[in-house]
Number of protein chains: 4
Amino acid sequence: MLYFQSDYIMGAHPAILDRLQKTNFEATAGYGADQFCSAAAQKIKAACQCDNADVWFLVGGTQANAVVISSMLKRYEGVIAATTGHIGAHEAGAIEYTGHKVISLPEHQGKLDACEIDRYATDFYADANCEHMVPPAMVYLSHPTEYGTLYSKGELEGIAKVCKKHGMTLFLDGARLGYGLMSYNSDLTLPDIARICDVFYIGGTKVGALCGEAVVFTKNNTPKRFLTLVKQQGALIAKGRLLGVQFDTLFTDDLYFKISKNAIDKAEMLKRLLCDKGYRLFMDSPTNQQFVIMENTKLCELQKNVTVGFWEKYDDTHTVVRFATSWATTNEDISELEKYL
Amino acid sequence: MLYFQSDYIMGAHPAILDRLQKTNFEATAGYGADQFCSAAAQKIKAACQCDNADVWFLVGGTQANAVVISSMLKRYEGVIAATTGHIGAHEAGAIEYTGHKVISLPEHQGKLDACEIDRYATDFYADANCEHMVPPAMVYLSHPTEYGTLYSKGELEGIAKVCKKHGMTLFLDGARLGYGLMSYNSDLTLPDIARICDVFYIGGTKVGALCGEAVVFTKNNTPKRFLTLVKQQGALIAKGRLLGVQFDTLFTDDLYFKISKNAIDKAEMLKRLLCDKGYRLFMDSPTNQQFVIMENTKLCELQKNVTVGFWEKYDDTHTVVRFATSWATTNEDISELEKYL
Amino acid sequence: MLYFQSDYIMGAHPAILDRLQKTNFEATAGYGADQFCSAAAQKIKAACQCDNADVWFLVGGTQANAVVISSMLKRYEGVIAATTGHIGAHEAGAIEYTGHKVISLPEHQGKLDACEIDRYATDFYADANCEHMVPPAMVYLSHPTEYGTLYSKGELEGIAKVCKKHGMTLFLDGARLGYGLMSYNSDLTLPDIARICDVFYIGGTKVGALCGEAVVFTKNNTPKRFLTLVKQQGALIAKGRLLGVQFDTLFTDDLYFKISKNAIDKAEMLKRLLCDKGYRLFMDSPTNQQFVIMENTKLCELQKNVTVGFWEKYDDTHTVVRFATSWATTNEDISELEKYL
Amino acid sequence: MLYFQSDYIMGAHPAILDRLQKTNFEATAGYGADQFCSAAAQKIKAACQCDNADVWFLVGGTQANAVVISSMLKRYEGVIAATTGHIGAHEAGAIEYTGHKVISLPEHQGKLDACEIDRYATDFYADANCEHMVPPAMVYLSHPTEYGTLYSKGELEGIAKVCKKHGMTLFLDGARLGYGLMSYNSDLTLPDIARICDVFYIGGTKVGALCGEAVVFTKNNTPKRFLTLVKQQGALIAKGRLLGVQFDTLFTDDLYFKISKNAIDKAEMLKRLLCDKGYRLFMDSPTNQQFVIMENTKLCELQKNVTVGFWEKYDDTHTVVRFATSWATTNEDISELEKYL
């Protein structure tokens, strides 16, 4: 069987497992106050070229979104997201569970538009009844988006400018950040993102770790008593080393970037293959997720040998199918896939 | 000055104040267990022709929405509303504060469409990832809507059918219910609404009371330990008599319907007047709120003598203005308004 | 029948009903922005002799507690209360519903002790694990307490000093404040309370109003965007005039104090009567609630003519019974009660 | 340096790391639907001798407590815990954050007493005002307790009987369950616990895993749509295999029990050593945590070579110190410790 349904089907990059083994009997303090978290944070700060960065480690993406949003917003504030944004559509209402409204704005291939955000916020404050409404105090975007698309540096700076204008926090969900940074089409570097955003996270779960997201507050703007807030949401783990060791490994010798690049290289091979075979792309994604419109009969046949993700029904006879490559995808996987396409 | 900006600018219908005075020194139990609440509930049940109705009294509309929705939904469930629905747009995130997502569907002159609800729910359960999403478990609609429009009996039954199909509760926000029932265009009676909906409320605040909304659970479907839930949300008042006396008065000798009809009669006079004067209606509302597109210069002049509600900017030189009549509007108000239009 | 079970069994003081009637057709803005709320707030500020006071009106006591506590605390903070404090024991978990812990400290005839609060806070911050715990950030006390007892000025100042030392907000629940201020034993005035506390409220529901509590932030320390917060909790009413008119009346010509004094005078008569008749007081309350230990057989007989409150079982043959006087209790009520004791 | 401050200072049992490595490139479904979670659940069911058990894996203890409690309670219900219970004292208000009250009852060496629970619940329902209060609907106990003490089978059955009588759920927090089961003093087996409790969890984090707690609903009583609830609280991880592999390893060849027994053996050696050296035990704990009263000067000296946990100040010259053994403690650790005591 060949596995292309997602980027979290394998365990972890072997270097991570090795490191867990090597450090296993080094004693540590609990709750993130260990030497590995500390080293990992230093390396991430360096990679971000951001002296004012505070780095914290959380276990998963939905958790990171809920913790960051609910700890940075005041009780009555809401967060803007694209209609397709993960927090609005696919996190079981985890944001609303913390009491905050997700304000949906239109998506354009999964992305928000700076002008539309500006207009929303401008209209909001112009409304005589705005005290009866939820003020937009944060903009949430995912990069890459849920459709694998990317913001350009200009687009991200445009949104940041609008955020500044209206006093909003800019939060970038980087569950797949490595795949965005290594995309052939990206003009955004990690230091760019650290400079432009107020807070973002570097996804580990989907980029080679067993679990873990590194949250970066870029302006020494960690919410007061953040550890307590994290614990209050059940998100503080006793053996913080599990996260520290993984991120320390990922940010040693550029491992995070190298394995991300592997996924991109394989995705580009895959895309070429799909196009060569005459498949129509649903969207031209520059990252590790490729969305293809496939005839249902072909899909049925394919599934005997290959697992893929179902994105949505396209029409009565076609389906939008997702192929995801990852840090673990090999040339052999792609070659073998060719046989079944 | 003439007042048309809203339907809550005056105090209460005089009969209510008289009744409060007459009953003032009758001793009562607290927290809604008094003789007046009990009598009012009986009269409302009779007016609804609904033996299975449980009637509870709450203080205001946002409170009623938050209490009903959060007590009827399971923790992980969400409520569907039109994008213009009061709970989504104008209640400061009160529903999200209780942990629940408001799922926005398109509005058509303020109304939801049964087919669109059906499609949303059908697609939801067809999605392989639906366990990661917020299940739509309730449909919220306002009647009249925020634009003063009304559902027909057929439309409401259509929505109810979709609700039944997908196991959703149908909740009707009747903050202005009287004005809907007395509209010349309405084919829905109070017993119809009680029969079709699972829960709804009869608005008092905007229809002659000082405060108060009568929540009707139509199928003996009051959530278990509802009094505790109401108190937990800070919505239980010690002197329940304040609500009981008001609704008992409103539902004696059809007062609620008579004063609602007054608002409709005056609104129709107003509409004719506006049309005669050549104003363009923004929407043809059959209830007590009339939305007119007015030149800004004219509006400025008008405001010297008349208060109106600003709905939204229409274009650079025009504004959508709301005129609201109420139980308290008189023929003289309309005549005098004529001078300034 | 004679009614002594609580202080909310009658309607409102007649002057309030008169005033509601007289002002009924004066047009007002909604949501508390009316002339009556404004006038009432001015009078309350004057009565408090507190230039920095912000006054807001809410509908009921549990609501006031939930709104004040949850809007003043940061998300991770808790509030200290006596084990018998209303928020801990009798409000259906309304504070926890807003996400905050009520930290119980021992009660002494319903009161907190400054030294015990100090010790708790000192120990808290001395604990190496305090980041894993809920920091005490507010002290809640009721005055009079649930047992009708009162803090002396010295005691209240002692608690305020401890609050200042540990950065805690001092919040006084004055649901029965009038009865405390008018007690023969009280050395605390309204200006004292405004000076010593950070926030408190002046109870209307139990002191002559139909409903309503006047929340006073004494240091211009109203939480940012308070109106939005109030609405988010479903506590903002459209016709704010209902509260404004009532408090404007209560704070005109010292009505609030005069009617409170009536309750105290009657309570003292009652207490003397009870002692004369040989009843044993459960607690020597200086306010309008009197707690008596009564034989169950006597209680049964009494109840044929008099309603009283059951406080708790005393032993197998005795019950602690509450007699409450109020603004509405008359000399005749006391005389007639004498017959049945 | 010697490490005795807690039972989570080392990584994981080597067998777990080996297994993670061996299974690393086996493809799995996400979110707990993998073969390892499934195998682990089967083994745990077998170890519990409980056909009706549903097993779910969560990441940490506070998370498990918050998820179990908030998913099993109705919105208005509360949970009883000892004053020293972890959820009441040391979880940053995580339970209150979900809206539920923790009802504190007295602790007896960290344990709840069945009679006191019974009395509380009986009094609660006898109170005429109980609808205004938080009904106790669950009993939370930790086993071993925060003081290392254990419930006997009789005690646990006694509490279960009281729970049944009052319709309460019995929930056992087994963050250190292995150390309880392997205690020389325990007459409770894992099947006993599964039979007696409604829900409990088997702690991994403190017993050899990197992270993970196995929640066991013992009566096929998993809350409806539990996966959605878990995700809503940010507690669902994409690579569920991380938990599955660990618990599958722990429940293969009785590893969980064997490594737990190691901790107990070492704790007994430690206890003998402490007594021989003339130290006074603060409490006679039968599990892996030993609490000793130590002179501050001695403690200072000790800390040059040994890390310990500070429990509480005993008096001005003494401190209560915790020594924790674990799955990883060796005979050499104990021998070396002897030198410094």
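Structure first, text after, so check above.
Presented here is an overview of the structure given in this document. (Residues numbered from 1 in each chain as written. Chains lettered and ligands numbered in written order. Predicted model: local features only at pLDDT ≥ 70, side-chain atom pairs only at ≥ 80, totals over all residues. Heavy atoms only, no water.)

When its secondary structure is counted, chain A shows 14 helices and 13 strands. In terms of overall dimensions, chain A is globule-like: its C-alpha atoms have a radius of gyration of 20 Å, near the 20 Å expected for 341 residues. Considering only C-alpha atoms, chain A reaches an extent of 60 × 55 × 35 Å along its principal axes. For chain A, the accessible surface area stands at approximately 11700 Å², while carbon and sulfur atoms represent 49% of it. (Helix = DSSP H or I, 4+ residues; strand = E, 2+ residues; numbered from the N terminus. Rg over C-alpha atoms; globule rule 2.2 N^0.38 Å. Areas by Shrake-Rupley, 256 points an atom, 1.4 Å probe, with all protein chains shown as cover.)

Right, let's talk about the interface of chain A and chain D for a bit. Chain A puts 46 residues into the contact, and the matching count from chain D is 46 residues. At the boundary of chain A with chain D, total buried surface from both sides reaches about 4100 Å², with 62% on carbon and sulfur atoms. At the surface where chain A touches chain D, the tally comes to zero salt bridges. Looking at the side of chain A that touches chain D, the elements with two or more residues in it are α1 (14-22), α3 (61-72), α5 (94-97), α10 (226-232) and α11 (241-250) of chain A. Here the side of chain A that touches chain D takes five residues from α1(A), the largest share from any one element. (Contact = heavy atoms within 4.5 Å. Buried area = accessible area lost by both parts, 1.4 Å probe. Salt bridge = Lys/Arg side-chain N within 4 Å of Asp/Glu carboxyl O.)

A separate point is helix α12 (residues 255-276) of chain A. In this model α12(A) runs 32 Å from its N-terminal to its C-terminal C-alpha over 22 residues, within 8% of the 32 Å that 1.5 Å per residue would give. Just past α12(A), the residue G278(A) takes up positive phi, approximately 85°. (Expected span 1.5 Å × (residues − 1).)

What follows concerns the side chain of K298(D). Residue and element names in this part refer to chain D. Among the structural elements, K298 can be located in helix α13 (residues 296-302). Engagement of the side chain of K298 in a polar contact is seen with the backbone oxygen of Y340, the distance being 3.0 Å. With residues up to four places along the chain from it excluded, the contact list for K298 reads Y279, Y340 and L341. (Polar contact = N/O pair within 3.5 Å; in protein donor to acceptor, adjacent residues only side chain to side chain.)

Another point: the interface of chain C and chain D. In this assembly, 15 residues from chain C lie in contact with 15 residues from chain D. Between chain C and chain D the total buried area reaches about 1500 Å² when both faces are included, carbon and sulfur atoms providing 52% of it. Per-residue buried area on chain C facing chain D is highest for E96(C), Y97(C) and K101(C); these three make up 32% of the total on that side. At the junction of chain C with chain D, the criterion picks out two salt bridges. Put simply, E96(D) and K101(C) hold a salt bridge, and the shortest N to O gap is 2.8 Å. For the pair chain C and chain D, the number of links is eight residue pairs in polar contact (both at pLDDT 80 or more). Secondary structure elements with two or more residues in the side of chain C that touches chain D: α4 (86-89) and α5 (94-97) of chain C. Among the residues making up the side of chain C that touches chain D, the classes are represented as five nonpolar, six polar and four charged. (Nonpolar A, V, L, I, M, F, W, Y, C, P; charged D, E, K, R; others polar.)

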